[in-house]
Amino acid sequence: FNVTRVNLWYKPYYYKHLETSFGRTNPATGEPGFEEIIPLRHYYHRYSRSIFWMLRDLIPFSNHPIYRYLFGWLGVPKPALLKFCLTPTIREAAVTKQVVQDIIMPMDSLKEGIELFHDEFDIYPLLVFPIRIY
């Protein structure tokens, strides 16, 4: 198995890792899909470095290899500091084009919920944590 430490400071953000993983195939079977092991601490904090995709809008070049190499070790910048340093154009886009919402969505309503988010917000990517209600 491949052990992937997704939160190392020089690695791409986790959502970018996933984007590049969709086309992978399993070398053992040749079928679509893959297996990897992510250490538990890396898994729990897999979205912390990119602040759930928000960093992409606040610092558009933050996932560039040179930026990660030079500044990635500093960790996640504080959003308040980033907002203070934004240009008016980027600040307006960050305010009008971002929706941060945590909701509980039952599995049997997942399709309708995603359609509702698409109709109301049309902002992607979505971070969805479906649950099962017992």
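Our subject in this report is the structure included herewith. (Residues numbered from 1 in each chain as written. Predicted model: local features only at pLDDT ≥ 70, side-chain atom pairs only at ≥ 80, totals over all residues. Heavy atoms only, no water.)

**Points about the environment of Y15**
Which entries qualify depends on this criterion: By the criteria applied, helices consist of DSSP H or I runs no shorter than four residues and strands consist of E runs no shorter than two, each listed in order from the N terminus.
The residue Y15 is located in helix α1 (residues 14–21) in this model. Between the alpha carbons of Y15 and R46 there is a distance of 8.5 Å; along the sequence they are 31 residues apart.

**Re a nonpolar patch on the surface**
In plain terms, the rule: Without a salt bridge and with relative accessible area above 30%, a residue can belong to a patch; like charges are then joined within 9 Å and nonpolar side chains (Val, Leu, Ile, Met, Phe, Trp, Tyr) within 5 Å. Using the Shrake-Rupley algorithm and a 1.4 Å probe, accessible areas are obtained, with residue cover drawn only from the displayed protein chains. Take a side-chain nitrogen of Lys or Arg and a carboxyl oxygen of Asp or Glu: if they are within 4 Å of each other, that pair is a salt bridge. Only protein chains enter the accessibility calculation, which uses a 1.4 Å probe. A residue is then buried if its area is under 20% of the maximum for its type, exposed if over 50%, and partly exposed in between.
On the surface, W9, Y10, I66, Y69, L70, F71, W73 and L74 cluster together into a nonpolar patch covering about 920 Å² of accessible area. Its place among the elements puts Y69 in helix α4 (residues 65–71). What makes Y69 exposed here is its relative accessible area of 57%.

**Focus on the nonpolar core**
Cut-off, in case you're wondering: Here, the term nonpolar core denotes a set of buried Ala, Val, Leu, Ile, Met, Phe, Trp, Tyr and Cys residues that are joined through side-chain atoms within 4.5 Å. It only takes one pair of heavy atoms within 4.5 Å for two residues to be counted as in contact.
Y14, L55, I59 and L82 are the most contacted members of the largest nonpolar core, which has 14 residues in total. At the level of elements, α1 and α3 (54–58) are the ones that each hand at least two residues to this core. Examining the composition of this core, we find that three residues originate from one element, α3, more than from any other. Filtering out sequence-adjacent residues up to four positions away, L82 remains in contact with L55, L58, I59 and P77.

**Re helix α7 (residues 110–120)**
Condition: Note that the arc is defined by the directions from the helix axis to the C-beta atoms.
Every buried residue of α7 is listed here: L110, G113 and F117. All buried residues of α7 project into a common sector of 65° when viewed along the axis, lining one side. Within α7, the exposed residues directed more than 90 degrees away from the buried face are K111 and D119. In the segment just after α7, D122 is the residue with positive phi, at about 50°.

**Here we look at the pattern of salt bridges**
For side chains bearing opposite charge, pairing can occur when the charged atoms are close. Evaluation of the coordinates by the stated rule reveals three salt bridges. Between K16 and E19 there is a salt bridge, and its shortest N-O distance comes to 3.2 Å. Placement of the pair is K16 and E19 together in helix α1, with a separation of three residues, close to one helical turn. Judged by its relative accessible area of 43%, E19 is partly exposed. With its nearest N and O atoms 4.0 Å apart, the salt bridge here joins R24 to E36. With R24 in the loop between α1 and β2 (36–37) and E36 in strand β2, this residue pair connects regions lying twelve residues apart in the sequence. With a relative accessible area of 27%, R24 lands in the partly exposed category.

**As for α1**
Turning to α1, its buried residues number three or more, namely Y14, Y15, H17 and S21. Considered in projection along α1, the buried side chains sweep an arc of 155° and stay on one side of the axis. Turning to α1, the residues buried within the fold contact β2 and α3.

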